[in-house]
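A look at the structure
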Amino acid sequence: MEPYMPISYLNDFIFCPRSIYFHQLYGRVSQRLYHTTAQTKGKAAHKTVDTQTYTTAKSVLQGMEVYSDRYKIGGKIDTYDASKSLLVERKKKIKVVYDGYIYQLFAQYHCLVEMGYEVQKMKLYSMDDNKSYPIKTPPEDTERQKEFDDIVHKMKNFDLNEAFVANENKCRYCIYNNLCDVAAC
Ligand code: SF4
């Protein structure tokens, strides 16, 4: 299989393109070394899916590896219910529906469709407060689809050496700010 970009990078890239470099660097080290508490809790929320213990329903695929040749991206879906053509991405608690969450679903959608699955509905699910956020599919939201194409293109062509102006508000909350040579604080 050709090299591909993990779907999870989309969220990082939207937060700050440079964070992908550090994500790659530290992705090879134990994640406990650098995850913040919130991120660790978020990962724990995904554990049941990653170990495929969330549901035993035959129509529900959990934690399945997916890949898009068109976009050269891949990763794991959270759950896909074939009986409802429904793709779901769970988060521990959703306070804001960030663009990155939506683009992760878009990426999963394209992977699944390319692999021959039908996806008619998508939603984000906030586990702590049991709230669902329906998300339009790419064919239903062509504007966002164009943005998605643009972000994937930028991600693939990002050059760490190009001029970059850091955003102090982001750097303050960035888990890599002790390592980053252009951090604004
Ligand atoms: S410290 Fe700032 S510039 Fe560096 S990766 Fe984090 S957000 Fe980006």
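Our subject in this report is the structure included herewith. (Residues numbered from 1 in each chain as written. Predicted model: local features only at pLDDT ≥ 70, side-chain atom pairs only at ≥ 80, totals over all residues. Heavy atoms only, no water.)

1. Observations regarding the site of the ligand
Threshold: Residues are labelled near a given molecule or strand when at least one of their non-hydrogen atoms is within 4 Å of it. As a working rule, the residues Ala, Val, Leu, Ile, Met, Phe, Trp, Tyr, Cys and Pro are called nonpolar, Asp, Glu, Lys and Arg charged, and the rest polar, with Gly in that last group.
In the neighbourhood of the ligand, the contacting residues comprise Phe15, Cys16, Ser19, Phe164, Ala166, Cys171, Cys174, Asn177, Cys180, Val182 and Ala183. Residues that form the shell around the ligand fall into these classes: nine nonpolar, two polar and no charged.

2. Thoughts on the sheet that holds strand β1 (residues 5-6)
What counts, and what does not: A pair of strands is considered paired only if DSSP assigns at least 2 bridges between the two. Note on conventions: DSSP H or I runs of at least 4 residues are helices, E runs of at least 2 residues are strands, and numbering of each starts at the N terminus. Contacts are assigned to residue pairs with any non-hydrogen atoms lying within 4.5 Å of each other. In this description, a line fitted to the C-alpha atoms serves as the axis of each element, helices being fitted only across the stretch in contact, and the angle between N-to-C directions of two axes falls anywhere from 0 to 180 degrees.
One open sheet accounts for three strands, arranged β1-β4-β3; its pairing is mixed. Each of the sheet's edge strands pairs with one partner strand only, and the pair in question is β1 and β3 (65-68). Of the pairings in the sheet, the one linking β3 to strand β4 (residues 73-76) comprises four bridges and is antiparallel in character. Pairing of serine 68 across the sheet is with isoleucine 73, part of β4. Here helix α4 (residues 99-114) sits on the sheet and contacts β3 and β4; the angle it forms with β3, its principal contact strand, is near 85°.

3. A look at the nonpolar core
Selection rule: In plain words, nonpolar cores are sets of buried Ala, Val, Leu, Ile, Met, Phe, Trp, Tyr and Cys residues tied together by side-chain atoms within 4.5 Å. Accessible area is worked out with a 1.4 Å probe on protein chains only. A residue is then buried under 20% of its type maximum, exposed over 50%, and partly exposed in between.
Counting 31 residues, the largest nonpolar core has Leu10, Leu87, Leu112, Met122 and Phe148 as its most contacted members. With nine residues, the top contributor of residues to this core is α4. Not counting residues up to four positions away in its chain, the partners in contact with phenylalanine 148 are Leu10, Tyr71, Ile73, Tyr103, Phe106, Ala107 and His110.

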